Protein chains: 4
Amino acid sequence: MAGNSFGELFRLSTAGVSHGPGYVCIVDGCPPGLPLGIEDLLPDLARRRPGQSHLTTQRQESDIPEILSGIYQGRTDGTPLGLLFKNSDQRSKDYGSIEAKYRPGHADFTFDAKFGFRDPRGGGRSSARETICRVAAGAIAKKLLQTQGVSVLGWVCQIGEILWQTSSPEKITLDQVEKTPVRCPDPETAIKMMALIDEVRLDCDSIGGAAQFIATGVPAGWGEPVFDKLKADLAKAFLSLPAVTGFEYGSGFSAAFMRGSQHNDLFEPHPGRNPAIGTKSNRHGGMLGGISSGEDILCRTSVKPTSSLARLQTTVDQKGNPTEILTKGRHDPCLLPRYIPMGEAMMALVLADHFLRHRAQCGQTLQNL
Amino acid sequence: MAGNSFGELFRLSTAGVSHGPGYVCIVDGCPPGLPLGIEDLLPDLARRRPGQSHLTTQRQESDIPEILSGIYQGRTDGTPLGLLFKNSDQRSKDYGSIEAKYRPGHADFTFDAKFGFRDPRGGGRSSARETICRVAAGAIAKKLLQTQGVSVLGWVCQIGEILWQTSSPEKITLDQVEKTPVRCPDPETAIKMMALIDEVRLDCDSIGGAAQFIATGVPAGWGEPVFDKLKADLAKAFLSLPAVTGFEYGSGFSAAFMRGSQHNDLFEPHPGRNPAIGTKSNRHGGMLGGISSGEDILCRTSVKPTSSLARLQTTVDQKGNPTEILTKGRHDPCLLPRYIPMGEAMMALVLADHFLRHRAQCGQTLQNL
Amino acid sequence: MAGNSFGELFRLSTAGVSHGPGYVCIVDGCPPGLPLGIEDLLPDLARRRPGQSHLTTQRQESDIPEILSGIYQGRTDGTPLGLLFKNSDQRSKDYGSIEAKYRPGHADFTFDAKFGFRDPRGGGRSSARETICRVAAGAIAKKLLQTQGVSVLGWVCQIGEILWQTSSPEKITLDQVEKTPVRCPDPETAIKMMALIDEVRLDCDSIGGAAQFIATGVPAGWGEPVFDKLKADLAKAFLSLPAVTGFEYGSGFSAAFMRGSQHNDLFEPHPGRNPAIGTKSNRHGGMLGGISSGEDILCRTSVKPTSSLARLQTTVDQKGNPTEILTKGRHDPCLLPRYIPMGEAMMALVLADHFLRHRAQCGQTLQNL
Amino acid sequence: MAGNSFGELFRLSTAGVSHGPGYVCIVDGCPPGLPLGIEDLLPDLARRRPGQSHLTTQRQESDIPEILSGIYQGRTDGTPLGLLFKNSDQRSKDYGSIEAKYRPGHADFTFDAKFGFRDPRGGGRSSARETICRVAAGAIAKKLLQTQGVSVLGWVCQIGEILWQTSSPEKITLDQVEKTPVRCPDPETAIKMMALIDEVRLDCDSIGGAAQFIATGVPAGWGEPVFDKLKADLAKAFLSLPAVTGFEYGSGFSAAFMRGSQHNDLFEPHPGRNPAIGTKSNRHGGMLGGISSGEDILCRTSVKPTSSLARLQTTVDQKGNPTEILTKGRHDPCLLPRYIPMGEAMMALVLADHFLRHRAQCGQTLQNL
């Protein structure tokens, strides 16, 4: 496969480029009977949209999809959802100069190396606008997960040198995240982060960061024991997003410093949960042996600084001759704020898929024998 | 799918548990005509084997597979390779006590939550012996990759507080890695690491660490631009291994601290490469837009400390009642040394798969038109 | 998976219903560099279109797709092709009465049984308009196959009691097929078939038939030996079309009457072919052991009479109560003429997929060793 | 994929050749908790075994597998089942002469054309012994289907010119089928068939035939509406078996002769079924729109005469030079009797897969909202 589909049972396929007529995506495998309408997609699409604040690109895009199929009388009908996003703001003149030169940090060169040539307009298929399909599909996955009591949330926990951590991630609310455009739930840290992004932007530079994600309400038992471990599918999901450079869950890279006696999360009774068992701590990030434990699922990912810079950089042209490039256009000085809904979407897609996979193999039918 | 297969075109499927009769694996999709024999599998299987040194478990296992099919007259014949690993040392008495109690950090509880019951002998399907199939398949993948000039290598770069880093990962050799049982190529650091593991073991404890992996010779153009980015498939591959808690490539999590002007790798002419283009630095870890760039592919992963401890730990039994557990048996105090061949195998499987995927879509046939 | 994708490497995914806003399809995995434009899709779409003659429904549909992506400067660029077919002629009043009653021979009842409810407008997802996506994707597959010297053709060989057979299927041309609206290449038989269809139509009835398909130029070696035999994937492809009730290749069901000494096709030298080997006869329909032999690939399929009849038929309503139904609307009295481009499309999709699969595993790279 | 796996959720993967050490297969995705033991596999394996009567080859094979994994304390445990079939009777001398000559009707030539060379011993990967894995996996699928009230049965309905048909296929029992070695449930016809096979065998020839298959108890709602129609997956399943040349379901090819008014099956109340709806007749073979209707699923398939003949036949050698070949060894003069358990197995695999697929998307969880 050429890699334009994601998921086994809850499955997203996408096509489109940022400066063509538009994007289409197909969401296959959604259970029938789920109440769903365009209004369920719009909030996350708005969170992803460029031009939300001075922290992000001022490019205006048409982000309201047309739902072509899959919903009848307000409910999913079991057939695939077809979504169409038309492109509107196609200033291809901004990108004309990059056709023959390779932008550092971008996929221009590797596309040429792979396919022999490429659509240079707006980054072509590697444009971040492709994530619009993911966010829409993720919103559908979130709606499905709600029926199982599962919710997904993400926030910015680092911008450059400014870090913020919480010991109670399960208490963070969407409102807290959305209170500032930088999407860090701590107001004081958020102010510092925004100031830093502004500073970097004025310096014609960009900056990286990191984000935290949590899924609450996932019952014990989702995930597969060997290759399709829940942690493995989450890692793939996040790393499939542009600019993501690292993934860790639970204790993550800090586990490398620890002793087993420090790291092990001890089991204890957990009344009210089914089964009534929990752990005293959650360094395992809600997953043991690739299967959810009933504890919150916790991941952290890093995102590199935007590659497009309004500065001269040395590079080569398509023939390999040295040259210089200045990437004009409107670019986010920091990808993190808009990355949050993208990451949530990918997490939701993985969980929705594993919900259905678990139901397929371990559904109630057989147990009743 | 229940997750016991890995890869799209170069595809590994496995079955087996550590205390049953044995493991089988099927490697499907290997090109015909590849010279291959059992002698190609043995070195990596030996590197994975328990009991190599006092750093690892003294459990003896039968690690020599029987190749049932797929090779004719010393070459792969295009049909699937079937491999059989018989189990020999099945001291199931060591594990009898854990049937009704949940070992902290293990998958006992989550298996029960998922499947309703489980095979408790030796960890059942979640036993690390399952990786024997991966290492064997990885050795086949390495042999295939050699025909393309690609090689894969890993080493230990951290044990607890002891870290070691190199600015020239491409210069590390297999001999350097194998010189000490801890598989850190720097002799001085290796001695310290081994002393630390010994100390931890005598303390009835375990310790975590991290490992670095490199693939050299990967031509520009492997990988898929959207969901099956090379970095995404690598992340899944590593996270599908037991105990791995984090993945980063290139600059990884340190990218979160950086400015774009620091992070971007500038293109420059690279005579002798095809195309003759390279980058001055390699913070992108050999992948741009999910596609290989021709630079070395660089990943780092973290591994948690062994969960099995020869100490009393509190836990619960299957009914959720508090109890205590002492995990007897022979366990690695540190997983890192034996993790190296496993990680290399997963990296090789991903690259072999993407080699074939790239050839399928972008092979020579069409370009000749 | 919910079954809205077809193919492993050359992969079609579709969504849409006949009385919603439109259909979308995504064609993933097409090699880059293939010259392609909308003009390559229109001829087969025109052959599939309703209203071509009095033999078929007079319903007018918009059959010209918008190509959203995947082509740059007149050539495929290796990224997925997104196609949009807008619906125009949506006389949903014709279908209003069927919401609560189950039409005999249709999927109304089974959709309700599966999904709990359904979109009744125009047959919803089971509308034959869904094949528009297949025909468009098939036209792309045909273009790809042309680069390998492969072409695909089908024709009507039976309408009711009127059969026509040729001993030289490789000599039939597209022009001969298209000479009459019934798509039987023999003019005299075609006249009789058209008369029979007219008669049936005037009788408010419908009629079944059969069609023959041939692929010429397929080199020896395409197909997989075990589960994904070329004959198996062709069988699935044809049977996935609405109303197809049977598939046979080569000698087909007549093989049941034969002795081995009659049936075996004897090998003989075939100068000019590579390898220079052929068979004296072709009862094996161009496939041996699931792999193409270099001879023409020959299939025959049967199609049931249209289920929609302008007659009163007894049936039940959604509650299972007996009732009567008269299916109004404009329906083909015989599906065969429009089935030809659909069958060709499915055959082309299978062959394009196996071309890429063969190239992936058995491409030139390794053989050069 | 190289085509050695079958099924999406209930998934069989196989490896092995007839004259190597043995076969392995992996059955992945089976629900946990299914009572299962070797005794569930043996009856169908015995039905498939060569040497059952003078009608079939006298070759003796070891057909009792070792179950390596997936069962704990008499029940499936949700992990993959690994099965090992050792080969015993490997008279490779019988096959020595065919290495350089192409047997008519066999896959020798196409394997060479695909892979460049092949294992000639016993037909290598294209040996019919490969079906041993399918029959074993099919027996597991049958056991799973039993829990849903579904059973599968097949019988011989044609040998050469001798045909036998029943209007009440649902009344045929396994006992009736097994009463004679030819597996035709009608005793008088069976005697004639056996006489014909004997006659053909004495004439050093072989003969073709056809078989009927039925699945009873399949609830309405299994199958997918578009590409993975139940009829399509069944067609692929049967055609993936060696020597099968045609597939039809319900009215099949006879539908080509019919009017819609004759063909449509009218709905009527069917008390006791859920939903309480059935059809007066079953020309639709239990499937409408690719989804099961609750009526019996009915298929018929044709099988060519055995290609191996104890007669001189002209052919070519590997270099394309004319030569003659006499296929020694012990071969079935008619494949049909042993084909019955193979066909049943494939039908059961398809139904088990679609049971899980249906449960994944349309399970109870969501409907309860």
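As the structure is a computational prediction, the values presented were derived from the model and not from experiment.

Engineer: What should I look at first to understand the overall build of chain A in this one?
Structural biologist: Secondary structure assignment for chain A yields nine helices and 18 strands. For 369 residues, the compact-globule formula gives about 21 Å, and the C-alpha radius of gyration of chain A, at 21 Å, lands near that figure. Seen through its C-alpha atoms, chain A measures out along the principal axes to roughly 70 × 50 × 35 Å. Expressed as a percentage of the 369 residues in chain A, the buried residues total 68%. The long-range share in chain A, meaning contacts at least 24 apart out of those at least 6 apart in sequence, stands at 70%.

Engineer: Is there a simple way to explain the confidence of the model for chain A in this structure?
Structural biologist: Caution applies to low-pLDDT regions: their predicted coordinates should not be interpreted in detail. Confidence in the prediction of chain A, expressed as mean pLDDT, is 93, and 93% of residues score 70 or more. This model gives residues 365-369 of chain A a pLDDT under 50, and the stretch forms twelve contacts once residues within four places in sequence are excluded.

Engineer: It is not clear to me how the packing of helix α1 (residues 38-48) of chain C against helix α8 (residues 336-362) of chain C should be interpreted in this structure. Could you clarify?
Structural biologist: Any two packed helices are characterised by the angle at which their axes cross and by the distance between the axes. Residue and element names in this part refer to chain C. The contact between α1 and α8 brings their axes to 7 Å, and the two run at 140°. Overall, the two elements α1 and α8 adopt an arrangement that is oblique. Listed contacts from α8 to D44, R47 and R48 of α1 are R338, I340, P341, M342 and E344. Looking at the contact of α1 with α8, its residues break down into three nonpolar, no polar and five charged.

Engineer: I'm lost on the relation of the copies chain B and chain A in this one. Help?
Structural biologist: There are two copies of the chain, and a rotation about an axis plus a shift along that axis relates them. With an RMSD of 0.0 Å, chain B superimposes on chain A once it is rotated by 180° and translated 0.0 Å along the axis. In the structure described here, the two chain copies are related by an operation that fits a two-fold rotation axis. Of the residues that chain B buries at the interface, 100% are likewise interface residues in chain A, meaning the two copies contact each other through the same surface.

Engineer: Hey, could you run me through the packing of aromatic side chains in this one?
Structural biologist: According to the stated counting rule, one finds 38 aromatic pairs over all chains in the structure shown. Aromatic pair Y102(A) and F267(B): ring centres 6.0 Å apart, planes at 55°, arrangement tilted. In this pair, Y102(A) sits in the loop between β7 (81-86) and α2 (108-115) while F267(B) sits in strand β12 (residues 267-269), so the two residues belong to two different chains. The exposure class assigned to F267(B) is buried, which follows from its relative accessible area of 2%. In this arrangement the basic side chain of R75(B) is found over the ring face of F117(D), its NZ or CZ atom lying 4.1 Å from the centre.

Engineer: Even after reading the chapter, I still don't get the sheet that holds strand β4 (residues 66-69) of chain C, so can you show me in this structure?
Structural biologist: In a beta sheet, neighbouring strands are held together by backbone hydrogen bonds and run either parallel or antiparallel to one another. Residues and elements named next belong to chain C. One open sheet accounts for five strands, arranged β1-β2-β3-β7-β4; its pairing is antiparallel. What marks the edges here is a single partner per strand, and that holds for β1 (5-6) and β4. Relative to strand β7 (residues 81-86), strand β3 (residues 22-28) runs antiparallel, the two being bridged by six bridges. Within β7, the residue paired with V24 across the bridge is L84.

Engineer: Would you mind showing me how to read the interface of chain B and chain A here?
Structural biologist: Many descriptions give the size of an interface as the accessible area lost when the pieces come together. Residue-level contacts link 111 residues of chain B with 111 residues of chain A. Of the roughly 8,500 Å² buried where chain B meets chain A, counting both sides, 62% is carbon and sulfur surface. The largest share of the area that chain B buries against chain A comes from K114(B), F227(B) and F267(B), three residues that together contribute 11% of it. Summed over the shared surface of chain B and chain A, the number is eight salt bridges. One salt bridge in this structure joins K236(A) and D228(B), with 2.8 Å as the shortest N-O distance. In this structure, the connection of chain B to chain A is made through 47 residue pairs in polar contact (both at pLDDT 80 or more). Residues that form the side of chain B that touches chain A fall into these classes: 50 nonpolar, 37 polar and 24 charged. As paired elements, strand β11 (residues 244-249) of chain A and strand β11 (residues 244-249) of chain B share three bridges and run antiparallel to each other. Across the sheet, the residue bridging to E248(A) is G246(B), located in β11(B).

Engineer: Even after reading the chapter, I still don't get the pairing of strand β2 (residues 11-16) of chain D, so can you show me in this structure?
Structural biologist: All names here are of chain D. Burial within β2 is extensive, with six of its six residues counted as buried. Side chains of β2 alternate between two faces, with R11, S13 and A15 and L12, T14 and G16 buried alike. As defined by bridge partners, strand β1 (residues 5-6) adjoins β2 across two bridges and the pair is classed as antiparallel. Counterpart to S5 in the pairing with β2 is S13. Here β1 hands over to β2 after four residues, with G7 in that stretch at a positive phi of 100°. Pairing of β2 with strand β3 (residues 22-28), which is carried by six bridges, proceeds in the antiparallel orientation. Across the sheet, residue A15 finds its bridge partner in β3, namely V24.

Engineer: When you look at unusual backbone geometry in this model, what are you seeing that I'm missing?
Structural biologist: Glycine aside, the phi torsion of most residues is negative, and most peptide linkages are trans. All names here are of chain C. The omega torsion across N274 and P275 is -5°, close enough to zero to call that bond cis. Unlike most non-glycine residues, C204 shows phi in positive territory, near 55°. Take C204: it is sitting in the loop between α5 (187-202) and β10 (209-216). Exposure remark for C204: the relative accessible area of 32% places this residue in the partly exposed category.

Engineer: Please clarify how the pattern of salt bridges should be interpreted in this entry.
Structural biologist: Working definition: two side chains of opposite charge can pair if their charged atoms are close together. Residues and elements named next belong to chain A. Following the criterion strictly, the structure yields 112 salt bridges over all chains and no others. Linking E344 and K142 is a salt bridge whose minimum nitrogen-to-oxygen distance equals 2.6 Å. Of this pair, E344 sits in helix α8 (residues 336-362) while K142 sits in helix α3 (residues 131-146), placing them 202 residues apart in sequence. Like E344, the residue K142 is buried in the burial classification. Each of D44, R47, K142, E178, R183 and E344 takes part in a single network of salt bridges with overlapping partners.

Engineer: I'm lost on the side chain of D353(B) in this one. Help?
Structural biologist: Residues and elements named next belong to chain B. Within the element layout of this structure, D353 appears in helix α8 (residues 336-362). It is R357 that comes nearest to the buried, bridge-free D353 among opposite-charge side chains, at 4.0 Å. Here L9 takes part through its backbone nitrogen, which lies 2.6 Å from a polar atom of the side chain of D353.

Engineer: Whenever I open this one, α3(A) confuses me. Can you help?
Structural biologist: The periodicity of an α-helix, 3.6 residues per turn, causes residues three or four places apart in sequence to face the same way. Over its 16 residues, α3(A) runs 22 Å from end to end, which matches the ideal 22 Å to within 8%, given 1.5 Å per residue. Of all the 16 residues making up α3(A), 15 are buried; the element is thus mostly covered by neighbouring parts of the structure.

Engineer: What is the right way to look at the pairing of strand β11 (residues 244-249) of chain C in this model?
Structural biologist: On any regular strand, side chains alternate: one points to one face of the sheet, the next to the other face. All names here are of chain C. Within β11, six of the six residues are buried, which leaves it mostly tucked inside the rest of the structure. Of the strand pairs in this sheet, β11 and strand β16 (residues 297-303) are connected by five bridges, and their pairing is antiparallel. Within β16, the residue paired with G246 across the bridge is S302.

Engineer: What is the right way to read the environment of G272(B) from this model?
Structural biologist: Locating G272(B) in the fold gives a position in the loop between β12 and β13 (277-279). Each C-alpha atom of the pair G272(B) and E324(B) lies 63 Å from the other, and the pair is 52 residues apart in sequence.

Thresholds, definitions, all that
- Residues numbered from 1 in each chain as written.
- Chains lettered and ligands numbered in written order.
- Predicted model: local features only at pLDDT ≥ 70, side-chain atom pairs only at ≥ 80, totals over all residues.
- Heavy atoms only, no water.
- Helix = DSSP H or I, 4+ residues; strand = E, 2+ residues; numbered from the N terminus.
- Rg over C-alpha atoms; globule rule 2.2 N^0.38 Å.
- Buried < 20%, exposed > 50% of the residue type's maximum accessible area, 1.4 Å probe, protein only.
- Contact = heavy atoms within 4.5 Å.
- pLDDT = per-residue confidence, 0-100.
- Axes fitted to C-alpha atoms, helices over the stretch in contact; angles between N-to-C directions.
- Parallel < 35°, antiparallel > 145°, perpendicular 65-115°, else oblique.
- Nonpolar A, V, L, I, M, F, W, Y, C, P; charged D, E, K, R; others polar.
- Least-squares fit on C-alpha atoms with pLDDT ≥ 70 in both.
- Phe/Tyr/Trp six-rings, centres within 6.5 Å; stacked < 30°, edge-to-face > 60°.
- Lys NZ or Arg CZ within 6 Å of the ring centre and 35° of its normal.
- Pairing = 2+ DSSP bridges.
- Buried area = accessible area lost by both parts, 1.4 Å probe.
- Salt bridge = Lys/Arg side-chain N within 4 Å of Asp/Glu carboxyl O.
- Polar contact = N/O pair within 3.5 Å; in protein donor to acceptor, adjacent residues only side chain to side chain.
- Lys, Arg positive; Asp, Glu negative; His and termini not counted.
- Expected span 1.5 Å × (residues − 1).

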